[in-house]
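Structural features, examined
Now for the letters of each chain:
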Amino acid sequence: PPTRGLLYPRESESREVRTLDGVWRFLQSDVNDPMQGVRDNWYKADLDKVKPTRPMPVPSSYNDISAEDKLRDHIGTVWYEKKFFVPHSWNMDQRIWLRFGSVHYAAVVWINGQKVMSHTIGHLPFESEITDQVKFGAENRLTLMCDNTLVNSTIPQGTVAEEESDEGKVMVQRYTFDFFNYAGIHRTVHLYTTPVVYIEDIKVLTDLTENHVGLVNYEVNVNGNEKTTVYYDPPIEPLYVHVQLRNKEGEIVAHSISKTILNGTIVVKDVMPWWPYLMNPEPGYLYTMEVYLHAVDESLLDVYRMKVGIRTLKWNNSTLLINDAPLYLRGFGKHEDSDIRGKGFDYALLTRDFNLLKWIGANAYRTSHYPYSEESMQFADEFGIMIIDECPGVNADIFEPLLLRNHKSSLEQLIHRDRNHASVIMWSIANEPRSSHPQADKYFKFLANYTKFLDPTRPITAALNVEAKKDKLAQYLDIISFNRYNAWYQNAGQLDMITKHVEEEAALWHETHNKTVIMTEYGADTYEGLHFLPAYIWSEDYQRYLLSKHFKAFDSLRSQKWFIGEFLWNFADFKTAQSFTRVGGNKKGVFTRQRQPKSAAYLLRQRYFSLALEL
Ligand code: GCB
């Protein structure tokens, strides 16, 4: 498998970073002929010459930007275009890179009419060197085609069918997960430079020893050397790195030089470990690791800086520990979702969400049901919020080989992107797959082993919703997570049928596999402002009552060490595909989509803080 990650673009004395965020040109293809643009070479000229375009913000989903249902519900390809200058000053012994934080679902990219890259699977970054395609000191044209079609082999799965309508035959996209299939350029587009010989990837693994000593093991991957005969003949070698660590105050606290190799260990005395929120007076402590790449003549080739949290993570069949302290997770399932921009990245929203997590006393969330932005992972490190990092495999149903290939690829890309984050404590390989299906056994055996092979340092989980006795996946997990909607999808209205069911189901998972258990989803749709006494379904009163009945179950389960976490569904209301079970979307948030609290948020806050104080 590939071992290479994608470093987040950061400027330094050897690197320049720009973004191409802003207003791009946009056009929708004909739903009945999505490949027309490729056939007719739309990327070879300005898009406006092909068809009239419209302005489109980047990053943003395109779906909710206009007043047209045809754009909101569009199926197939859309085209984006952006003009940008590359200054003359960049035409000097360096490489130029174009990087997308995420485009959903599939993307093809051209620079000045030449194809430079393609990528499938949303929510994950991809990049390409474009040094040979750009014009220096001149304007360049970037064209991107994006396709939102989901089929049996995509992660996640969907189906597209041609059906009869009042306007003749139309295409209909269906999927079984409920969140809206937003599409477009969802995250920042970076244009950046590296030196010719450059730091391509860094992997860190941290440890703590007795006497307050921290260890940072690092492996640096360098690239560009063997390909550089054009630039440097003979190639520069050998290379070495000088790595140093600065504390929050900016003082150098440790360093290491290896004169011949690119990996080593930094020893940090009187270490400040990384702790989750409310487990320590200074949670989320991060050092800055500075990596200087030198040629053997000591000339400086490249510099990259990244934040590192130093912690240990251990688990067995009865507990999960950070820095040898047992964890109890108080969290949420979330979504990347907001008004107008859909899944488009927004720093204001991200910062608000983390401030709300802090306000409510949560210490964890699951990136349901796909990888979240790299910027959010950086926030999680800094706020001490632990992450169950989920790949986009939601509601897998038909287990075909091509699906497995894409599922594996999504985990490989996710792990290489996120493995250096102290906040990531678990990989989630699936949400609610049909794990009772006969083919699920072999499929998940393979997928679970592959994930553990990619990262043996973190436990793996999956959020399950089939009956414990019928499930075939849990046997391959380290930690069992389950989703259940007592008094909602089961026994709606029966608030007296929650506590016992939750206790019994958690116990059954534990008994069947002798592993730790988390409840990753429970909740009730709640229309803010709706009140009923006695509590009645969809009201704020019902949500509060339903939560308190779950808390009762969690409290009795917590006395058994193997029950290690509760995750409410959902942090905030979010948009869904249209259905008669949804009023303006899924309303199970304790915050509205505008991030204001429903009354249950205060109840949860009380619980999360009192749980934190107990520990
Ligand atoms: C689930 C899914 C989640 C849904 C939720 C619901 O089981 O995992 O994606 O949003 O139920 O509210 O229906």
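Residues numbered from 1 in each chain as written. Predicted model: local features only at pLDDT ≥ 70, side-chain atom pairs only at ≥ 80, totals over all residues.

Identification of the chain as Beta-glucuronidase from Ceratitis capitata is taken from an unreviewed UniProt entry. Turning to the chain, the UniProt annotation filed under Subcellular location (unreviewed entry) states: "Lysosome". According to the UniProt record, the Sequence similarities (unreviewed entry) comment for the chain is "Belongs to the glycosyl hydrolase 2 family." (UniProt positions renumbered as here; feature names shortened; annotations may be inferred.)

Moving on to the sheet that holds strand 16 (residues 213-223). The antiparallel open sheet is built from three strands, whose spatial order is 15-16-19. On the outer flanks of this sheet lie strand 15 (198-209) and strand 19 (263-268), each paired with one strand and no other. If you compare each strand with its neighbour and ignore which way they point, the axes differ by 20 degrees on average. Strand direction decides the pairing type here: strand 16 and strand 19, joined by six bridges, are antiparallel. Bridge pairing links Leu-215 to Val-267 in strand 19. (Pairing = 2+ DSSP bridges. Helix = DSSP H or I, 4+ residues; strand = E, 2+ residues; numbered from the N terminus. Axes fitted to C-alpha atoms, helices over the stretch in contact; angles between N-to-C directions.)

So, about helix 6 (residues 401-418). Spanning 18 residues, helix 6 covers 26 Å between terminal C-alpha atoms, matching the ideal 26 Å at 1.5 Å per step. Of all 18 residues in helix 6, 13 are buried, a share of seventy percent or more. (Expected span 1.5 Å × (residues − 1). Buried ≥ 20, exposed ≤ 12 C-beta atoms within 10 Å, placed from the backbone.)

The environment of the ligand is formed by Phe-177, Asp-178, His-369, Asn-431, Glu-432, Asn-465, Asn-483, Glu-521, Trp-569, Asn-586 and Lys-588. Considering only residue class, the shell around the ligand consists of two nonpolar, five polar and four charged. (Near = placed C-beta within 6 Å. Nonpolar A, V, L, I, M, F, W, Y, C, P; charged D, E, K, R; others polar.)

A separate point is the sheet that holds strand 26 (residues 364-366). Around the barrel, which closes on itself, the eight strands sit in the order 25-26-27-28-29-30-31-32 with parallel pairing between neighbours. Sheet twist, expressed as the average angle between the axes of neighbouring strands with direction ignored, equals 25 degrees. In the sheet, strand 26 pairs with strand 27 (residues 386-390) via three bridges, with the strands oriented parallel. If you follow Ala-364 over to strand 27, its bridge partner there is Met-386.

With their axes 10 Å apart at the nearest point, helix 6 and helix 7 (residues 440-454) run at an angle of 20 degrees to one another. On the basis of the axis angle, helix 6 is roughly parallel to helix 7. In the crossing of helix 6 with helix 7, the sense of the turn from one axis to the other is right-handed. Contacts between helix 6 and helix 7 involve Leu-404, His-407, Lys-408, Leu-411, Glu-412 and Ile-415 from the first element and Tyr-443, Phe-446, Leu-447, Tyr-450, Thr-451 and Leu-454 from the second. Taken together, the residues that form the contact of helix 6 with helix 7 break down as eight nonpolar, two polar and two charged. (Parallel < 35°, antiparallel > 145°, perpendicular 65-115°, else oblique. Left-handed = near helix turned anticlockwise from the far one by under 90°. Contact = placed C-beta atoms within 7 Å.)

This paragraph deals with the environment of Gly-393. Position of Gly-393 relative to the elements: it lies in the loop between strand 27 and helix 6. Gly-393 sits in the buried class, given 25 other C-beta atoms within 10 Å. Each C-alpha atom of the pair Gly-393 and Val-23 lies 31 Å from the other, and the pair is 370 residues apart in sequence.

Turning next to the UniProt feature "domain: Glycoside hydrolase family 2 catalytic" (unreviewed entry) in the chain. On the UniProt side, "domain: Glycoside hydrolase family 2 catalytic" (unreviewed entry) is annotated at positions that read residues 316-610 here. Each end of residues 316-610 is marked by a C-alpha atom, and these two atoms are 26 Å apart; helix forms 35% of the span and strand 17%.

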